[in-house]
Amino acid sequence: MKRLLISSPKGGCGKTMISRNLAVAATLENIKVATLDLDPQASLTRWWNRRAEERPPIVHYQGTMSDAQDAMAEITGHELLIIDTPTAVEEYPQGMKALILGADLVLVPTKPTMDDTDSTMEWMTMLRSYDRPAAFVLNMAKLRARSLSETKRRLNAVGRICPIEIAEREDMHRIGAEGLGILEVSRHPGGDEISGVWQFVKNEMGA
Ligand SMILES: Nc1ncnc2c1ncn2[C@@H]1O[C@H](COP(=O)(O)OP(=O)(O)OP(=O)(O)O)[C@@H](O)[C@H]1O
Ligand SMILES: [Mg+2]
């Protein structure tokens, strides 16, 4: 089983949005995917609860950062496990360490702002000290803006960057509210971005 960890010390950068959309991308390819929500705010769990039964299946688990290590040992039997984490990662050093060491890839979503990249760059440096594969993925990007290429140059100094960024999409919230992934919305322009990030993830994990 491959494990994809979605993690960032910054709130609201798209961890849960990316977790659910990549889970949908995987299940649409008939991959046996499970999600694990370790955030007490449980946004991913609420999304999963809203998902209609006839949608392609995703197995879901809920846990806490304090028992992250046990969850990593106990959750087996899937092809892919996607783990969504809370923001206050520094409060759970032991749980976080277990997640990082068990991950086949750590994705670090980041908004293209100076505030976000300052803390995510430090986070990436910490992740790399564990010698696990990790990459940034830019979210809520204003495509073609100069700030985007400047941000990429900054991030590139400390770690890998997924070459496909996710644009700011007005209806992102509504799609989530319906328990859907973007790839389940016919001809949605954000679908290509999610497919691109998913392809990157698969290549990186050797899946
Ligand atoms: N690309 C996007 N375009 C527009 N809205 C987005 C995008 N990505 C995420 N959002 C919205 O921004 C908000 C924060 O996203 P999300 O909940 O995925 O972040 P998070 O990192 O999981 O936050 P938290 O730290 O609170 O867990 C949500 O309302 C989500 O729908
Ligand atoms: Mg979240």
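In the block above lies the structure referred to throughout.
Residues numbered from 1 in each chain as written. Chains lettered and ligands numbered in written order. Predicted model: local features only at pLDDT ≥ 70, side-chain atom pairs only at ≥ 80, totals over all residues.

Would you take a moment to explain the overall build of the protein chain for this structure?
Along its length, the protein chain carries eight helices and seven strands. For the protein chain, the C-alpha radius of gyration of 16 Å lies close to 17 Å, the compact-globule estimate for 207 residues. By principal-axis analysis of the C-alpha atoms, the protein chain measures approximately 45 × 40 × 30 Å. Residue burial in the protein chain is summarised as follows: out of 207 residues, 43% are buried. The long-range share in the protein chain, meaning contacts at least 24 apart out of those at least 6 apart in sequence, stands at 80%. (Helix = DSSP H or I, 4+ residues; strand = E, 2+ residues; numbered from the N terminus. Rg over C-alpha atoms; globule rule 2.2 N^0.38 Å. Buried ≥ 20, exposed ≤ 12 C-beta atoms within 10 Å, placed from the backbone. Contact = placed C-beta atoms within 7 Å.)

Would you mind going over the site of ligand 1 with me for this structure?
As a matter of local geometry, ligand 1 sits amid 18 residues, with Gly11, Lys15, Thr16, Met17 and Met172 nearest to it. Every element with two or more residues in the shell around ligand 1 is listed here: helix 1 (15-28) and helix 7 (172-177). (Near = placed C-beta within 6 Å.)

Where do I start with the pairing of strand 3 (residues 59-62) in this structure?
Every regular strand shows the same layout, with side chains that alternate between the two sheet faces. Bridging between strand 2 (residues 33-37) and strand 3 involves four bridges; their strand directions are parallel. For leucine 36, the partnering residue across the bridge sits in strand 3 and is tyrosine 61. Following the chain from strand 2 across helix 2 (residues 43-50) to the adjacent parallel strand 3, one finds a crossover that is right-handed. (Pairing = 2+ DSSP bridges. Right-handed = clockwise from strand over helix to strand, strands pointing away.)

Is there a simple way to think about the nonpolar core in this case?
When a protein is soluble and globular, its nonpolar side chains tend to lie buried together. With 53 residues, the main nonpolar core has Leu4, Leu22, Ile82, Ile83, Leu107, Phe136 and Val137 as its most contacted residues. Per-element accounting of this core gives the leading share, seven residues, to helix 1. Not counting residues within four places of it along the chain, the set of residues in contact with isoleucine 82 comprises Leu4, Ile6, Ser19, Leu22, Ala23, Val33 and Thr35. (Core = buried A, V, L, I, M, F, W, Y, C linked by C-beta atoms within 7 Å.)

Please explain the environment of glutamate 193 as it appears in this structure.
Assignment of secondary structure puts glutamate 193 in helix 8 (residues 191-205). Along the sequence, glutamate 193 and leucine 183 sit 10 residues apart, while their C-alpha atoms lie 9.6 Å from each other.

So what exactly am I meant to see when it comes to the environment of proline 112 here?
Inspection of the secondary structure puts proline 112 in the loop between strand 5 (105-110) and helix 5 (114-129). With 22 C-beta atoms counted inside 10 Å, the residue proline 112 sits in the buried group. When the C-alpha positions of proline 112 and asparagine 139 are compared, they lie 7.2 Å apart, and in sequence the two are 27 residues distant. Each residue touching proline 112, except ones within four places of it in the same chain, is listed here: Leu138, Ala141, Ser147, Leu148 and Thr151.

I'm lost on the sheet that holds strand 7 (residues 160-161) in this one. Help?
Sheet strands pair via backbone hydrogen bonds, and the direction of the pair is either parallel or antiparallel. A sheet is described by the order of its strands in space; here seven strands give the open sequence 3-2-4-1-5-6-7, paired in parallel fashion. The sheet is open, and its two edges are formed by strand 3 and strand 7, each paired on a single side. With five bridges joining them, strand 1 (residues 2-6) and strand 4 (residues 80-84) adopt parallel strand pairing. Note that in strand 4 the partner of leucine 5 across the bridge is isoleucine 83.

Looking at this model, I keep getting lost on the packing of helix 1 against helix 8. Mind explaining?
The geometry of a pair of packed helices is captured by two quantities: the angle between their axes and the separation between those axes. Orientation of helix 1 relative to helix 8, taken along the N-to-C sense of each, is 75°, at an axis distance of 10 Å. When the interaxial angle is binned, helix 1 and helix 8 end up roughly perpendicular. Contact residues: helix 1 offers Asn21, Leu22 and Ala25, while helix 8 offers Ile194, Ser195, Val197, Trp198 and Val201. Residues that form the contact of helix 1 with helix 8 fall into these classes: six nonpolar, two polar and no charged. (Axes fitted to C-alpha atoms, helices over the stretch in contact; angles between N-to-C directions. Parallel < 35°, antiparallel > 145°, perpendicular 65-115°, else oblique. Nonpolar A, V, L, I, M, F, W, Y, C, P; charged D, E, K, R; others polar.)

Which parts of the structure should I look at to understand unusual backbone geometry?
The general pattern is negative phi for most residues beyond glycine and trans for most peptide bonds. At alanine 42, a residue that is not glycine, the phi angle is positive and equals roughly 55°. Among the structural elements, alanine 42 can be located in the loop between strand 2 and helix 2. Classification of alanine 42 by C-beta neighbours within 10 Å gives partly exposed; the count is 16.

Can you walk me through the pairing of strand 6 (residues 134-138) in this structure?
For strand 6, the tally of buried residues reaches five of five residues, placing the bulk of the element in the interior. Neither face of strand 6 is exposed, since Ala134, Phe136 and Leu138 on one face and Ala135 and Val137 on the opposite face are all buried. Direction of pairing for strand 5 relative to strand 6: parallel, over a ladder of five bridges. Directly across from leucine 107, in strand 6, lies its bridge partner alanine 135. Once you follow strand 5 into helix 5 and on to strand 6, the crossover reads as right-handed. Where strand 6 meets strand 7, two bridges bridge the pair, whose relative direction is parallel. Along strand 7, the bridge assignment pairs phenylalanine 136 with isoleucine 161. Each parallel crossover has a hand, and the one from strand 6 via helix 6 (residues 146-156) to strand 7 is right-handed.

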